[in-house]
Amino acid sequence: MVVCKTAGIVKIALAGNPNTGKSTVFNELTGLKQHTGNWPGKTVVYKHGFYTLDGQKFLLVDLPGIYSLRTNSAEEEVAREMLCFQKPDVVIVMVDATSLERNLILLLQILSITSQVVVCLNFMDEARKKGIKIEIKKLAHLLGVPVVGTNARAGVGLDKLVKAVHEVAINKPVKVTGPLFEGRNSAVALVKNAEKISQTVLTFEKKDYQERDRQIDRLLTSKKLGIPLMLVLLGLIFWITIQGANYPSSVLMYLLSTVEKYLWLISLSLNMPIWLAEILILGVYRTLAWVVAVMLPPMAIFFPLFTLLEDLGYLPRIAFNLDAFFKKASAHGKQALTMCMGFGCNAAGVISCRIIDSPRERLIAILTNNFVPCNGRFPTLIALAVIFLVGNWPQPWDSWGAAFIITLALVSSLGITLIISWLLSRTILRGLPTGFILELPPYRRPQVGRVIVRSIFERTLFVLARAMVVAAPAGALIWLLANFTLADKSVLAHCAAFLDPFACLLGLDGYILLAFILGLPANEIVIPLLTMSYLATGSLLELNSLAALRELLLENGWTWLTAICMFIMVLNHFPCGTTLLTIRKETQSWLWTMAAFLIPTVVGLILCFFIAQSVRFLGV
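Calculation rules
Residues numbered from 1 in each chain as written. Predicted model: local features only at pLDDT ≥ 70, side-chain atom pairs only at ≥ 80, totals over all residues. Heavy atoms only, no water. Phe/Tyr/Trp six-rings, centres within 6.5 Å; stacked < 30°, edge-to-face > 60°. Helix = DSSP H or I, 4+ residues; strand = E, 2+ residues; numbered from the N terminus. Buried < 20%, exposed > 50% of the residue type's maximum accessible area, 1.4 Å probe, protein only. Lys NZ or Arg CZ within 6 Å of the ring centre and 35° of its normal. Pairing = 2+ DSSP bridges. Salt bridge = Lys/Arg side-chain N within 4 Å of Asp/Glu carboxyl O. Patch = residues over 30% accessible without salt bridge, like charges linked within 9 Å, V, L, I, M, F, W, Y side chains within 5 Å. Areas by Shrake-Rupley, 256 points an atom, 1.4 Å probe, with all protein chains shown as cover. Axes fitted to C-alpha atoms, helices over the stretch in contact; angles between N-to-C directions. Parallel < 35°, antiparallel > 145°, perpendicular 65-115°, else oblique. Left-handed = near helix turned anticlockwise from the far one by under 90°. Nonpolar A, V, L, I, M, F, W, Y, C, P; charged D, E, K, R; others polar.

Colleague: I would appreciate a short explanation of the packing of aromatic side chains in the present structure.
Modeller: For any pair of aromatic rings, the description rests on two quantities: the centre-to-centre distance and the angle between the ring planes. Counting across every chain of the model gives three aromatic pairs. Measuring from centroid to centroid gives 5.7 Å for Tyr511 and Tyr534, while their planes differ by 65°, and the two rings are edge-to-face. Linking Tyr511 in helix 19 (residues 510–518) with Tyr534 in helix 20 (residues 526–535), this pair joins segments that are 23 residues apart in sequence. Tyr534 gets classed as buried once you look at its relative accessible area, which sits at 13%. Ring centres 4.9 Å apart and planes at 10° place the aromatic pair Phe574 and Phe597 in the stacked group. Here the residue Phe574 occupies a position in the loop between helix 22 (560–571) and helix 23 (577–587), and Phe597 occupies one in helix 24 (residues 590–618), the gap between them amounting to 23 residues. Given a relative accessible area of 11%, Phe574 falls into the buried group. Between Lys57 and the ring centre of Phe50, over which it is positioned, the NZ or CZ distance is 4.6 Å.

Colleague: Before we go on, may I ask you to explain the pairing of strand 5 (residues 90–96) in this structure?
Modeller: Remark: a regular strand shows side chains that alternate across the two faces of the sheet. For strand 5, a buried count of seven out of seven residues is recorded, marking the element as mostly surrounded by other parts of the structure. Judged from the five bridges that link them, strand 1 (residues 9–16) and strand 5 form a sheet pairing that is parallel. Looking at strand 5, one finds that Leu14 is bridged to Ile92. Two strands pair when backbone bridges link them, and strand 5 and strand 6 (residues 117–122) are joined in this way by six bridges, in the parallel orientation.

Colleague: Before we go on, may I ask you to explain unusual backbone geometry in this structure?
Modeller: Trans is the prevailing form of peptide bonds, just as negative phi is the prevailing case for residues other than glycine. Its identity is not glycine, yet Ala487 carries a phi of approximately 55°, on the positive side. Tracing the backbone through its elements, the reader meets Ala487 in the loop between strand 10 (485–486) and strand 11 (489–490). Judged by its relative accessible area of 70%, Ala487 falls in the exposed class. Positive phi, close to 65°, is recorded for Asp488, a residue that is not glycine. Using a relative accessible area of 81% as the deciding quantity, one classes Asp488 as exposed.

Colleague: When you look at the pattern of salt bridges in this model, what are you seeing that I'm missing?
Modeller: Side-chain pairs of opposite charge can arise whenever the charged atoms involved come near each other. Evaluated as defined, the whole model comprises five salt bridges. With a closest N to O distance of 2.5 Å, Arg286 and Glu260 form a salt bridge. With Arg286 in helix 10 (residues 274–312) and Glu260 in helix 9 (residues 226–269), this pair connects stretches of sequence that are 26 residues apart. Across the pair, exposure class does not vary: Arg286 and Glu260 are buried alike.

Colleague: Can you walk me through a nonpolar patch on the surface in this structure?
Modeller: Taken together, the side chains of Tyr247, Val251, Tyr254 and Leu255 present a nonpolar region at the surface, about 480 Å² in accessible area. Its location among the elements puts Tyr247 in helix 9. A relative accessible area of 65% places Tyr247 in the exposed class.

Colleague: Mind showing me how you'd approach the packing of helix 9 against helix 10 here?
Modeller: Helix packing for two helices is described by the angle between their axes and how far apart those axes are. Direction vectors running N to C along helix 9 and helix 10 enclose 155°, while the axes themselves pass 8 Å from each other. It follows that helix 9 is roughly antiparallel to helix 10 by the angle criterion. Like other packed secondary-structure pairs, helix 9 and helix 10 cross with a definite hand, here right-handed. Residues that form the contact of helix 9 with helix 10 fall into these classes: 28 nonpolar, four polar and three charged.

Structure below.
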């Protein structure tokens, strides 16, 4: 909703370039009193929250990070609408002290709209380390507005910032005038004024204060080593996720199994009908338990690690390394970042496509995001890799081998993503790739504590809650199919028999194909569905070890071809229910949602059919 003027509340807009510490200031001032939403008619996400000073309540609106008010991206339209039409009482403009001249361009544009401005000169600690001295009083005099130096990550200077905001809101300063602002409405004048101001207030103790970052970038963004180092880093993250998630998943499953026993006691004490208790406990609860036990630990490890890379400043380097590939596919370079988000959760990856301005390229990114396997598919991929590919390797080399195989799978996923993006851009989504400004921010030491809290609450629990909402009714449906019989066979067995001829053409069997279909609510339940189907237990079941799972699969006719085709289908099949609902919300179209369902599914079916028939033809 639009943030409206509220009686007795001072409305503040928080503006600035990306990577200037806006989110840090916003989180520090508002704490947990925050709300997130979409700007009306836009896919732009914004936050607003409250804080209080001397009995006065302040509403802080965090505008999207932009470089200018002069172009027509959705983010810049939102910023202009807020500044020009909603008339905030005060505008806090975040400025990076290590890149003053560039940040001044946006600041001067905002000053041409309103004089109710407080400048937050952030990263003063980094500026000092790089030998950059800024005369803050002279800068405030030239701009005609208060300037407060801060180190927002450490909370330094924020008390002075809120006092300056309070003062500006009360005193209403006059419009800024002066020789440095003559002709500032032209683009050339803006650049000249920014350069003139920075030369007046800046002194440098070091000739090249960015040399350290440039040395690191020569390695991480080089043509020869940039992508190999990226793959090594991703492989390391996957290995940490694989190793780290095993024990917590076992503990969670034990605890949830204990809770299940108490649920049975409660159902007995309430004299609940057996069929109803089984639907609720064996169907709904056990499915939810599987989703939580399998999803939560990998997400709780992967998302913080991924957010640490973001906080460190490495993610823009990934986009830089992959930009040329996406440009050749007539897609947007930012799709590399949305693809990375899909590693954690495809629903989160789809939401992150909002950072792409072009509707055409945003749609390509949405339709192809599911080719990247989310953490819900990792357990199945890991199990298949360990059982059939590295099953005889000694520990800990088996986990390293599994991480290596999954990394190779991700490389193939990237290749398929580029191919499908190219095909879409040449057929139903024709157009030329648009350019974009890619800033390589300075490397900064991540704030581990805040990163963990932010990633857990804003990503992990958010995605888990969505998955649970979809998985609960699916659990009831799975129980019904497995327990209702027709002609001495369960409905589940009848469905598998119907699908079996088609599945055999793909190198699979009917139960595998049915497991994928019933796994629509959550990818995590595919393997438990298989064990339930093969053992005919009537409820979800997990075997005690991968060796037992291997024996069960072999007893039911699995070969190395079955494992490879299963691996391919895990990588290339329809999105889960949560992701499909997210796609519908983002595109506002059931047609594009259906396209997102069909495109990866058709790719997976074609690949499996080709491999299965080729192997049979060659008699391997």
